[in-house]
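Notes for the structure review
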2 protein chains.
Amino acid sequence: MKAAIVGIGLIGGSFALALKKYGICDEIIGVDKSEHNRNTALERGLVDRVAPLEEAIAGADLVVLATPVDTIPLLALKVLNKVTNQVVMDMGSTKAELCEVIRLHPSRGQFVATHPMWGTEYSGPEAAVKDAFTGRTVVICDHEQSNPEALRLVEDIYKKIGMPIKYMTSEEQDLHAAYVSHISHITSFALALTVLEKEREEEHIFDLAAAGFESTVRLAKSSPRTWVPILLQNKYNVLDVLREHIHQLQIFRRMLEKDDTKGLIAAMEKANTIKRILK
Amino acid sequence: MKAAIVGIGLIGGSFALALKKYGICDEIIGVDKSEHNRNTALERGLVDRVAPLEEAIAGADLVVLATPVDTIPLLALKVLNKVTNQVVMDMGSTKAELCEVIRLHPSRGQFVATHPMWGTEYSGPEAAVKDAFTGRTVVICDHEQSNPEALRLVEDIYKKIGMPIKYMTSEEQDLHAAYVSHISHITSFALALTVLEKEREEEHIFDLAAAGFESTVRLAKSSPRTWVPILLQNKYNVLDVLREHIHQLQIFRRMLEKDDTKGLIAAMEKANTIKRILK
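Residues numbered from 1 in each chain as written. Chains lettered and ligands numbered in written order. Predicted model: local features only at pLDDT ≥ 70, side-chain atom pairs only at ≥ 80, totals over all residues. Heavy atoms only, no water.

All names here are of chain A. The N-to-C vectors of helix H1 (residues 10-21) and helix H6 (residues 148-161) enclose an angle of 85 degrees; their axes lie 10 Å apart at closest approach. As judged from the angle between their axes, H1 and H6 are roughly perpendicular. Each of Phe15, Ala18 and Leu19 in H1 lies in contact with H6, whose residues at this interface are Ile157, Tyr158 and Ile161. Across the contact of H1 with H6, the residue classes tally to six nonpolar, no polar and no charged. (Axes fitted to C-alpha atoms, helices over the stretch in contact; angles between N-to-C directions. Helix = DSSP H or I, 4+ residues; strand = E, 2+ residues; numbered from the N terminus. Parallel < 35°, antiparallel > 145°, perpendicular 65-115°, else oblique. Contact = heavy atoms within 4.5 Å. Nonpolar A, V, L, I, M, F, W, Y, C, P; charged D, E, K, R; others polar.)

In structure tokens:
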């Protein structure tokens, strides 16, 4: 199978490596607006060759969209306008707008909307890694709108990579992604800003960074080019969760102000039950 | 050297293992109110024997206080009342009250106030691990109030374990610990409660947990018995940082409500500068 990957960054580049590693594709064609990205992808062996979008689609059996989420809906339409019998899939973190925009396209059945639950705080083809994705869950959205053959092709790819598949509507996926991914990023960004604002002696931040801060603030290194579009595309779900999070912090603040030991213990014990859910 | 470790939990137990591993002590005497902890510490080989506090002090050259921080000030006084020529140190996360309470004790010079910047979200002697501490910074507070010999003994121990030493006043340490450790814990607890509150379908939290949520919420597994006293002892510093953090989240909320792309990019780019400081 030959795949065209549009957007050879952290996600597209890592996916290219997985497609080769698991023997799924014998040729990967890279498409990227950035010359730097195209050159880096070639140098690092993420792709076999690069090509303009139209040429890449024509030469591929599978077209993978891995650009920032604000660009995916229009890109998906343009690609669907050009496909003959190719299967098209995306890897973005938000889905409602995309699935709405392509819903009535005559080639909708050839599209499979997917969100593999993997990422790091780094971006670009330099950040692509081997062994990404394996063991992580992938969400396939609105799968009944994909043709059975297109769906099976994409399911088989994810199964070969070793990813459990979960099926949701695009609205469900966006809601759950807000809870478990998007809000964590906002928290990390805000925590980094808090510390940068309050702590002028950077030497101390560095020295004391071991004490829990590093893991909580890791995501604050993430790229605005990736994350601003995700938050804006998922605005209403994210705002809903963000309001609840601010509310929870305000409750902590009031308990602390009042030396409410019992309240603090009860809140932490309830928070501890997250153990049940995480490993 | 013989050490008595009071409080054989995550910190005391891991420190016991380090004292043995680096050949610093040939006997570790464990002191703990909990019979379960004493038995576990013996079974797991964290201590050579257990004893009541007074007997342990009498048999030791070094007394290490590793109990929850709300118990340390009075415990420190009681231990200082009993020492002859032993050196006493604590390992707690807050220092201002402790250092204030022992300031005028005739044996103050034998006490060294330390905060090794290491921990995990687990607690109890079961959570003790080998190779804790090494490579992490330790803060020694108000070191000019310790005798040079007591100070040197404790410095040598931390150096043998491979910990860079930083000197601060107890007030400075509490302020910096609020920024880089205590606030991260509150954020994690609140984030766990947010998700537990909003997300009723636990199966989805589990499946989607890979997407950044796990690292941000890890600290929410931490024990209230450890963390309520830390937050209350460091109340004013923590409240100050918590107010700033809520403020930063409110700014994010407003930018998102207004689709303020430029503002969001600028905020994230500023947050990204945390890269300079963390590795």
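Superposition record for chain A on chain B: RMSD 0.0 Å, screw rotation 180 degrees, translation along axis 0.0 Å. Those values place the two copies in the arrangement expected of a two-fold rotation axis. Nearest to the rotation axis, the C-alpha of Thr216(A) is located 2.2 Å from it, this being the minimum over chain A. Counting the interface residues of chain A, we find that 100% of their copies in chain B are interface residues as well, pointing to one common contact surface. (Least-squares fit on C-alpha atoms with pLDDT ≥ 70 in both.)

What follows covers the interface of chain A and chain B. Tallying the contact residues gives 89 residues for chain A and 89 residues for chain B. Counting the surface lost from both chain A and chain B, the interface buries some 9,200 Å², and carbon and sulfur atoms represent 71% of this. Viewed at the interface, chain B and chain A are joined by six salt bridges. Here Lys270(A) and Glu197(B) are joined by a salt bridge, their closest N and O atoms 3.4 Å apart. On inspection of chain A and its partner chain B, the count reaches 14 residue pairs in polar contact (both at pLDDT 80 or more). Taken together, the elements giving at least two residues each to the side of chain A that touches chain B come down to strand E8 (165-168), helix H7 (170-198), helix H8 (202-208), helix H9 (213-217), helix H10 (224-233), helix H11 (235-257), helix H12 (261-272) and helix H13 (274-277) of chain A. Sort the elements by how many residues they give to the side of chain A that touches chain B and H7(A) lands first, with 21 residues. (Buried area = accessible area lost by both parts, 1.4 Å probe. Salt bridge = Lys/Arg side-chain N within 4 Å of Asp/Glu carboxyl O. Polar contact = N/O pair within 3.5 Å; in protein donor to acceptor, adjacent residues only side chain to side chain.)

What follows deals with the packing of H7(A) against helix H12 (residues 261-272) of chain B. Their axes nearest at 8 Å, the elements H7(A) and H12(B) cross at an angle of 65 degrees. As the angle between them shows, H7(A) and H12(B) are arranged roughly perpendicular. For H7(A) against H12(B), the interelement crossing comes out left-handed. Together, Phe189(A), Ala192(A), Leu193(A), Leu196(A) and Glu197(A) of H7(A) and Ala267(B), Met268(B), Lys270(B), Ala271(B) and Asn272(B) of H12(B) make up the contact between the two elements. Taken together, the residues of the contact of H7(A) with H12(B) sort by class into seven nonpolar, one polar and two charged. (Left-handed = near helix turned anticlockwise from the far one by under 90°.)

Attention now goes to the environment of His182(A). Residues and elements named next belong to chain A. In this structure, His182 sits in helix H7. Given the relative accessible area of 0%, His182 is considered buried. In this structure the C-alpha to C-alpha distance between His182 and Val241, which are 59 residues apart in sequence, comes to 9.2 Å. For His182, the residues in contact, after removing those within four places along its chain, are Ser93, Thr94, Ala177, Trp227, Ile230, Leu231, Asn234 and Val238. A polar contact is formed between the side chain of His182 and the side chain of Ser93, at a distance of 2.9 Å. (Buried < 20%, exposed > 50% of the residue type's maximum accessible area, 1.4 Å probe, protein only.)

This next bit is on the pairing of E8(A). Consecutive side chains along a regular strand alternate between the two faces of the sheet. All names here are of chain A. Residues of E8 alternate between two faces, with Lys166 and Met168 buried on one and Ile165 and Tyr167 left unburied on the opposite face. Bridging between strand E7 (residues 138-141) and E8 involves four bridges; their strand directions are parallel. Looking at the pairing, Cys141 lines up with Met168 of E8. Taken together, E7, H6 and E8 form a β-α-β motif whose crossover is right-handed. (Pairing = 2+ DSSP bridges. Right-handed = clockwise from strand over helix to strand, strands pointing away.)

Residues and elements named next belong to chain B. Here strand E4 (residues 62-65) shows no split at all, with Leu62 and Val64 on one side and Val63 and Leu65 on the other all buried. Sheet analysis places strand E1 (residues 2-6) next to E4, joined by four bridges and oriented parallel. Each bridged residue has a counterpart across the sheet, and for Ala4 the counterpart in E4 is Val63. When E4 meets strand E5 (residues 87-90), the two strands line up parallel, connected through four bridges. The residue of E5 that forms the bridge with Leu62 is Val87. Considered for its hand, the β-α-β crossover made up of E4, helix H4 (residues 72-82) and E5 is right-handed.

Right, let's get into unusual backbone geometry. Residue and element names in this part refer to chain B. The backbone of Phe133 sits at a positive phi, close to 75 degrees, despite the residue not being glycine. Looking at the element boundaries, Phe133 is found in the loop between strand E6 (111-116) and strand E7 (138-141). Overall, the relative accessible area of 1% leaves Phe133 in the buried class. Non-glycine residue Asp259 carries a positive phi angle of around 50 degrees. Look at Asp259 and you get partly exposed, because its relative accessible area is 42%.

Phe252(A) and Phe252(B) are the most contacted members of the largest nonpolar core, which has 72 residues in total. The contacts of Phe252(B), once residues within four sequence positions are left out, are Ile186(A), Phe189(A), Ala190(A), Leu193(A), Leu242(A), Leu264(B), Ala267(B) and Met268(B). (Core = buried A, V, L, I, M, F, W, Y, C linked by side-chain atoms within 4.5 Å.)

All right, on to H6(A) then. Residue and element names in this part refer to chain A. Over its 14 residues, H6 runs 20 Å from end to end, which matches the ideal 20 Å to within 8%, given 1.5 Å per residue. Where H6 is concerned, the buried positions are Ala150, Leu151, Val154, Glu155, Ile157, Tyr158 and Ile161. Buried residues of H6, viewed axially, fall in a sector of 155 degrees; they line one side. Facing away from the buried side of H6, by more than 90 degrees, are the exposed residues Glu149, Lys159 and Lys160. Contacts from the buried residues of H6 go to H1, strand E4 (62-65), strand E5 (87-90), strand E6 (111-116), E7 and E8. Positive backbone phi, approximately 90 degrees, marks Gly162, located one or two places after H6. (Expected span 1.5 Å × (residues − 1). Arc of directions from axis to C-beta.)

Below, the discussion takes up the packing of aromatic side chains. Applying the stated criterion across every chain yields a total of eight aromatic pairs over all chains. On the numbers, 5.1 Å between centres and 55 degrees between planes, the contact of Trp118(A) with Phe133(A) is tilted. Placement of Trp118(A) in the loop between E6 and E7 and of Phe133(A) in the loop between E6 and E7 is noted, with a sequence separation of 15 residues between them. With a relative accessible area of 12%, Trp118(A) lands in the buried category. Ring centres of Phe252(A) and Phe189(B) lie 6.3 Å apart, and the angle between their planes is 20 degrees; on these two criteria the pair is classed as stacked. (Phe/Tyr/Trp six-rings, centres within 6.5 Å; stacked < 30°, edge-to-face > 60°.)

Everything listed here is a matter of coordinates, which is why it stays silent on function.
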